[in-house]
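Summary of the model geometry
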Amino acid sequence: MDKILEVNNLTKIYKGINKDLIVLDDINFSIKAGEIVSIVGPSGSGKTTLLGLCAGLDAPSDGTVMLTGEGISAMSENQKAEVRNRNVGFIFQNFQLLPTLTAIENVMIPLELQGKSKGARDIARDLLSRVGLGDRLTHYPSQLSGGEQQRVSLARAFSNSPKVLFADEPTGNLDEETGEMVEGLLFELNKEKGTTLIIVTHDLELAEKTQRVIQLKGGRIISDQLN
Ligand SMILES: Nc1ncnc2c1ncn2[C@@H]1O[C@H](COP(=O)(O)OP(=O)(O)O)[C@@H](O)[C@H]1O
Ligand SMILES: [Mg+2]
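Residues numbered from 1 in each chain as written. Chains lettered and ligands numbered in written order. Predicted model: local features only at pLDDT ≥ 70, side-chain atom pairs only at ≥ 80, totals over all residues. Heavy atoms only, no water.

Digging into the site of ligand 1
For ligand 1, the full set of nearby residues is Tyr14, Leu21, Val23, Pro42, Ser43, Gly44, Ser45, Gly46, Lys47, Thr48 and Thr49. Contact between ligand 1 and Tyr14: a nitrogen atom at 3.4 Å from a side-chain N or O atom of the residue. A distance of 3.2 Å separates an oxygen atom of ligand 1 from a polar backbone atom of Ser45. When ligand 1 sits alone it has 570 Å² of accessible area, and the protein chains cover 58% of it. Top contributing element to the shell around ligand 1 by residue count: helix 1 (residues 47-54), with 3 residues. Broken down by class, the residue content of the shell around ligand 1 amounts to 4 nonpolar, 6 polar and 1 charged. (Near = heavy atom within 4 Å. Polar contact = N/O pair within 3.5 Å; in protein donor to acceptor, adjacent residues only side chain to side chain. Areas by Shrake-Rupley, 256 points an atom, 1.4 Å probe, with all protein chains shown as cover. Helix = DSSP H or I, 4+ residues; strand = E, 2+ residues; numbered from the N terminus. Nonpolar A, V, L, I, M, F, W, Y, C, P; charged D, E, K, R; others polar.)

Printed below as a string of structure tokens:
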């Protein structure tokens, strides 16, 4: 199978006044198309930073990221945005919905960024129905519960049919039932469309259901094992 993500010698350092903070220290791994991988590790171990670098949302201090065959670490912001719009879905730890847009408008954003405005509303409506929010289309984020916002964020991440979906603690702040729904939808997407899933999680039960678990500690990979 093709490698869809390849990370080489990836390092992230935040410059401090007295001391530099090494958040990721020489990370190496690759992920095959269609794989379901979880990334686990204690709080502060660098999981969110790693996901952001892999998705081209942030730039490394050293090392390279190849995403869908393209070297994103050397690209301009515009080029990276273009690769993301085409290939990547992202579910953020804190949802990051646009507060001035309704649920359906938030889900339409990735399609509009790709110039696919035609039919975008229908696709967004279908996706929101699928996550159980068919009756919340015109609600603003502030009018939705945390679990509902997370489901809008999931629908948004699916809407451009990404090749790779990065999910940062997608079930972290959800009740058990909503968490299971989100989890089920992620696995369904992988099955239906072959979407590669890279999931940061604290939930060891969820990690056990993925094909492979990468464990981070203090900015280093301490294990990388198949389930
Ligand atoms: N913009 C930043 N500037 C300085 N330090 C940061 C910044 N972002 C994250 N960090 C630090 O990097 C470490 C890893 O953060 P993060 O990737 O969010 O960890 P995790 O997601 O595993 O909890 C933390 O110690 C955090 O304080
Ligand atoms: Mg985090």
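What about the sheet that holds strand 8 (residues 196-200)?
Spatial strand order, 6-7-8-3-9-10: 6 strands in an open sheet with mixed pairing. Sheet topology places strand 6 (88-91) and strand 10 (220-226) at the edges, where each strand pairs with a single neighbour. In this sheet, neighbouring strand axes are inclined to one another by 15 degrees on average, regardless of whether the strands run parallel or antiparallel. Bridging between strand 7 (residues 164-168) and strand 8 involves 5 bridges; their strand directions are parallel. What sits directly across from Ala167, in strand 8, is Ile199. Of the strands in this sheet, strand 3 (36-40), strand 6, strand 7, strand 8 and strand 9 (212-217) are in contact with helix 1, which crosses strand 7 at around 155 degrees. Contacts from helix 6 (residues 176-193) reach strand 3, strand 6, strand 7 and strand 8, with the element oriented near 155 degrees to strand 8. (Pairing = 2+ DSSP bridges. Axes fitted to C-alpha atoms, helices over the stretch in contact; angles between N-to-C directions. Contact = heavy atoms within 4.5 Å.)

Points about a negative patch on the surface
Residues Asp175, Glu176, Glu177, Glu180, Glu205 and Glu208 make up a contiguous surface patch of negative charge. Ranked by residue count, the leading element in the negative patch is helix 6, at 3 residues. Its place among the elements puts Glu176 in helix 6. Here Glu176 falls in the exposed class, since its relative accessible area comes to 65%. (Patch = residues over 30% accessible without salt bridge, like charges linked within 9 Å, V, L, I, M, F, W, Y side chains within 5 Å. Salt bridge = Lys/Arg side-chain N within 4 Å of Asp/Glu carboxyl O. Lys, Arg positive; Asp, Glu negative; His and termini not counted. Charge placed at Lys NZ, Arg CZ, Asp CG, Glu CD. Buried < 20%, exposed > 50% of the residue type's maximum accessible area, 1.4 Å probe, protein only.)

A short note on the packing of aromatic side chains
Using the criterion set out here, one finds 2 aromatic pairs in the structure. Put simply, the rings of Phe90, Phe92 and Phe166 pair up and form one aromatic cluster. (Phe/Tyr/Trp six-rings, centres within 6.5 Å; stacked < 30°, edge-to-face > 60°.)

Observations concerning the pairing of strand 2 (residues 21-32)
Bridge count for strand 1 (residues 3-14) against strand 2 is 8 bridges, and the pairing is antiparallel. When the sheet's bridge partners are listed, Leu10 is paired in strand 2 with Ile27. Hairpin connection from strand 1 to strand 2: 6 residues lie between these consecutive antiparallel strands.

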